[in-house]
Amino acid sequence: MSAEEKRMGQDMAEAMDPGAGSGFSKFASFTSEAARAVGDSLSNLAGSLTGKTLEDRIQEYSEVYGEILLHINDRMDQLERRQSGLEEVRLSPELIRRLKEMKEKDPDFFTVETQHRLRSEAKFARIFSILAFFLSLGALFAALFR
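Residues numbered from 1 in each chain as written. Predicted model: local features only at pLDDT ≥ 70, side-chain atom pairs only at ≥ 80, totals over all residues. Heavy atoms only, no water.

Re the packing of aromatic side chains
Counting across every chain of the model gives three aromatic pairs. Judged by centre distance (6.2 Å) and plane angle (20°), the ring pair of Phe-124 and Phe-128 falls under stacked. Taken as a pair, Phe-124 and Phe-128 lie in helix H5 (residues 112-144) at a separation of four residues, close to a single helical turn. Across the pair, exposure class does not vary: Phe-124 and Phe-128 are exposed alike. When the centroid spacing of 5.4 Å and the interplanar angle of 65° are considered together, the rings of Phe-133 and Phe-134 count as edge-to-face. Judged by its relative accessible area of 52%, Phe-134 falls in the exposed class. (Phe/Tyr/Trp six-rings, centres within 6.5 Å; stacked < 30°, edge-to-face > 60°. Helix = DSSP H or I, 4+ residues; strand = E, 2+ residues; numbered from the N terminus. Buried < 20%, exposed > 50% of the residue type's maximum accessible area, 1.4 Å probe, protein only.)

In structure tokens:
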């Protein structure tokens, strides 16, 4: 094919679709895409006949499901550890009976306000005892070094 014939073919292709670039380049890209599609189809067909495609899919699914099973196994181990920790914390029937008796004797003891009041009283007692300790330590040093 001469250069003149190529130029005439390009001119004709552009005349058919003037707004979309060169018709010749479109034809060339179409043929390369068609060749690629045919190559992919032949590759898929060959893979189907030899079993390679199936083997690749099985390998991929095996990896994915293996990861899922490992995650589920780790989660089950965590739940078993948590359950065994909860079993150790269970209250004995004797302790439950004593707590019920305490609640009957003093129902206000189990309220939030009472618990806050008891905590603040305990904090005050702790601060007071630390202060008393240091005062007695000071008195001891004063008596020793007099």
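Picking up after the structure, the text goes on.
A closer look at a nonpolar patch on the surface
A cluster of nonpolar side chains, namely Tyr-61, Val-64, Tyr-65, Ile-68, Leu-69, Ile-72, Met-76 and Leu-79, defines an oily patch on the protein surface of about 780 Å² accessible area. Relative to the elements of secondary structure, Met-76 occurs in helix H3 (residues 52-89). (Patch = residues over 30% accessible without salt bridge, like charges linked within 9 Å, V, L, I, M, F, W, Y side chains within 5 Å. Areas by Shrake-Rupley, 256 points an atom, 1.4 Å probe, with all protein chains shown as cover. Salt bridge = Lys/Arg side-chain N within 4 Å of Asp/Glu carboxyl O.)

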